[in-house]
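Below are the chains, spelled out letter by letter.
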Amino acid sequence: MACVVRACAPRDLPDIMRLIKEIAGIYKVPLNELRTHVEELKEAGFGKHPQFECFVAEVPPQQKSKEGHTLIGYVLSVYTFSTWKGRNLYMDNLYVMPEYRGRRIGKKLVTTAIEAAWQRGCSQIRMHVSSEKPENIRFLERIGGEDLSVKDGWNLFRFREEQLRQMAAQSKF
Ligand SMILES: CC(C)(COP(=O)(O)OP(=O)(O)OC[C@H]1O[C@@H](n2cnc3c(N)ncnc32)[C@H](O)[C@@H]1OP(=O)(O)O)[C@@H](O)C(=O)NCCC(=O)NCCS
């Protein structure tokens, strides 16, 4: 399959939003909980201070999807900073449409993101996946990732919006 992986352009953002909604469907997240939209992605990815880097997988028109789409996957990453390791990359989203899986497109997306991160001096890449999706864990292990929950006993924490509001209001700075 003649699939090209290339840097995301602003014109691709409606397709990225479509794929984000597909992911929301997989994880049974109601669409009204999805707060990002094309304009926000445009500002965050292509504005004055870009916050993420994105690569897309695109097939030629003759291999378009059942619904007529040619942009069929993406990886979206943000650069982070570790006090131990310096610049790192965090892969927030990696997705290939189901009908295009098993053709090394996911691996190509990851290796493209890794190549860009390596050139920018990153020494680590991190990603978190749900234990309810063991197939994603198997994919990451297959391409060489280490499962830190198993290896080092790491837990992932989150503070929700309401907590942020309360904690920020209580701050005595
Ligand atoms: C994970 C995902 C990106 C893999 O994409 P893909 O294009 O099918 O994977 P590839 O064809 O590049 O596979 C690369 C390697 O991993 C292996 N692999 C892929 N999926 C696997 C699985 N479920 N179990 C075991 N190995 C797997 C392949 O066999 C291949 O190994 P090989 O190179 O030795 O042949 C894709 O399945 C996907 O998008 N899943 C949904 C991810 C998701 O939930 N994203 C949202 C949250 S971030």
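Residues numbered from 1 in each chain as written. Predicted model: local features only at pLDDT ≥ 70, side-chain atom pairs only at ≥ 80, totals over all residues. Heavy atoms only, no water.

A. Representation of the sheet that holds strand β5 (residues 124-126). Read from one edge to the other, the open sheet built from 5 strands follows the order β1-β2-β3-β4-β5, with strand pairing classed as mixed. Where the open sheet ends on each side, the last strands, each with one partner, are β1 (4-7) and β5. Strand after strand, the sheet turns through a mean of 25° between neighbouring axes, direction not considered. By the bridge criterion, 4 bridges tie β1 to strand β2 (residues 53-58) in an arrangement that is antiparallel. Pairing of arginine 6 across the sheet is with valine 56, part of β2. Sitting on the sheet, helix α3 (residues 105-119) is in contact with β1, β2, β3 (71-82), β4 (86-96) and β5, with an inclination near 160° to β4. (Pairing = 2+ DSSP bridges. Helix = DSSP H or I, 4+ residues; strand = E, 2+ residues; numbered from the N terminus. Axes fitted to C-alpha atoms, helices over the stretch in contact; angles between N-to-C directions. Contact = heavy atoms within 4.5 Å.)

B. Just a nonpolar patch on the surface, in detail. Among the surface-exposed residues, Ile26, Tyr27 and Val29 lie close enough to one another that they form a single nonpolar patch of about 220 Å² accessible area. Mapped onto the elements of the fold, isoleucine 26 is located in helix α1 (residues 13-26). Isoleucine 26 gets classed as partly exposed once you look at its relative accessible area, which sits at 33%. (Patch = residues over 30% accessible without salt bridge, like charges linked within 9 Å, V, L, I, M, F, W, Y side chains within 5 Å. Areas by Shrake-Rupley, 256 points an atom, 1.4 Å probe, with all protein chains shown as cover. Salt bridge = Lys/Arg side-chain N within 4 Å of Asp/Glu carboxyl O. Buried < 20%, exposed > 50% of the residue type's maximum accessible area, 1.4 Å probe, protein only.)

C. Here's a closer look at the nonpolar core. Within the largest apolar cluster, 35 residues are counted, with the highest numbers of intra-cluster contacts made by Ile16, Cys54, Ile72, Tyr74, Ile105 and Leu109. Of all elements in the fold, only α1, α2 (38-46), β2, β3, β4 and α3 reach the threshold of two or more residues within this core. In this view, isoleucine 16 contacts Cys8, Leu41, Cys54, Val56, Leu71 and Tyr74; residues no more than four positions away in its chain are not counted. (Core = buried A, V, L, I, M, F, W, Y, C linked by side-chain atoms within 4.5 Å.)

D. Main features of the pattern of salt bridges. Taken as a whole, this structure holds 9 salt bridges when the rule is applied. Aspartate 12 is the salt-bridge partner of arginine 6, the closest N and O atoms lying 2.8 Å from each other. Look at arginine 6 and you get buried, because its relative accessible area is 18%. The salt bridge involving arginine 6 is made with glutamate 58; its shortest N-O contact spans 3.1 Å. Of this pair, arginine 6 sits in strand β1 while glutamate 58 sits in strand β2, and the two are 52 residues apart along the sequence.

E. Local environment of the site of the ligand. In the vicinity of the ligand there are 20 residues, among which Val96, Gly102, Arg104, Gly106 and Arg142 approach most closely. Between the ligand and valine 96 there is a distance of 2.8 Å, counted from an oxygen atom to a backbone nitrogen or oxygen. In isolation the ligand exposes 960 Å². Once the protein is present, 78% of that is buried. Elements represented by at least two residues in the shell around the ligand include exactly β4, α3 and α4 (134-142). Considered class by class, the residues forming the shell around the ligand number 8 nonpolar, 4 polar and 8 charged. (Near = heavy atom within 4 Å. Polar contact = N/O pair within 3.5 Å; in protein donor to acceptor, adjacent residues only side chain to side chain. Nonpolar A, V, L, I, M, F, W, Y, C, P; charged D, E, K, R; others polar.)

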